[in-house]
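Listed here are the chains, written in short residue letters.
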Amino acid sequence: MDGTRDVVAVVVAVDSPAGRIATTIDELTTHLPSTGQQLVCPICSARSWPCPPFHDAAHRVIAVGVRLADLVPVDLHPQLWPPATPQQQPWPTEEVSNG
Ligand SMILES: [Zn+2]
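Procedures and definitions
Residues numbered from 1 in each chain as written. Predicted model: local features only at pLDDT ≥ 70, side-chain atom pairs only at ≥ 80, totals over all residues. Heavy atoms only, no water. 1 Å grid on protein atoms, 1.4 Å probe; cavity = no way out; pocket = protein on both sides within 12 Å on 5 of 7 lines; lining within 4 Å. Points joined across faces, edges and corners; volume = space filled by probe spheres on them. Helix = DSSP H or I, 4+ residues; strand = E, 2+ residues; numbered from the N terminus. Nonpolar A, V, L, I, M, F, W, Y, C, P; charged D, E, K, R; others polar. Core = buried A, V, L, I, M, F, W, Y, C linked by side-chain atoms within 4.5 Å. Buried < 20%, exposed > 50% of the residue type's maximum accessible area, 1.4 Å probe, protein only. Contact = heavy atoms within 4.5 Å. Donors = N, O, S within 2.8 Å, 3.2 Å for Na, K, Ca; no water.

Asker: Where do I start with the layout of surface pockets in this structure?
Answerer: If a probe the size of a water molecule is rolled over the atoms, the empty space left behind becomes visible. Reported here for the largest pocket is a volume of approximately 500 Å³. What lines the largest pocket is a set of 18 residues, and nearest its centre among them are Val8, Val10, Ile25, Asp26 and Thr29. Looking at the lining of the largest pocket, the elements with two or more residues in it are helix H1 (17–20) and helix H2 (22–30). Broken down by element, the residue count for the lining of the largest pocket peaks at four residues, all from H2. Residues belonging to the lining of the largest pocket are distributed by class as follows: 13 nonpolar, two polar and three charged.

The following block contains the structure:
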């Protein structure tokens, strides 16, 4: 194994939230770090992760209501949502607060 993440194609309706941003999801996935290289984008090799293209794609995903966490492998979640610094999360939690 070279650490490259396996991917799977999913069929969704074109007019569904995920269908409307299918190319964005493809772009987002392209910029996911390889297994064991959680801080390095394989495309933007000189940049740390999350890289600007991932950042832009992530915000487009969130904007249409698709959960970013469902598109990112669990081992990368701590990079996006550090458990020790909840006030400094770089990404929206996507959890509705009733408070
Ligand atoms: Zn990148």
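Asker: Sorry, what's going on with the nonpolar core here?
Answerer: One recurring pattern in soluble globular proteins is that nonpolar side chains are buried together. Trp49, Phe54, Leu68, Val72 and Leu80 are the most contacted members of the largest nonpolar core, which totals 15 residues. With residues up to four places along the chain from it excluded, the contact list for Trp49 reads His31, Leu32, Pro33, Gln38, Leu39, Val40, Cys41, Phe54, Leu76, Gln79 and Leu80.

Asker: Would you mind going over the coordination of the zinc ion with me for this structure?
Answerer: Ideal values for angles at a metal depend on the geometry: 109.5 degrees with four tetrahedral donors, 90 or 180 degrees with six octahedral donors. Around the zinc ion, the donor atoms from the protein are His31 (ND1), Cys41 (SG), Cys44 (SG) and Cys51 (SG), and they sit 2.1 to 2.5 Å away. Along the chain, the residues donating to the zinc ion are arranged with the sequence spacing H-x9-C-x2-C-x6-C. Taken together, the positions of Cys41 in the loop between H2 and helix H3 (52–63) and Cys51 in the loop between H2 and H3 put the pair ten residues apart, joining distant regions of the chain. As far as burial versus exposure is concerned, Cys41 and Cys51 are alike and both buried.

It is worth stressing that arrangement in space is one thing and function is another; only the former is reported here.
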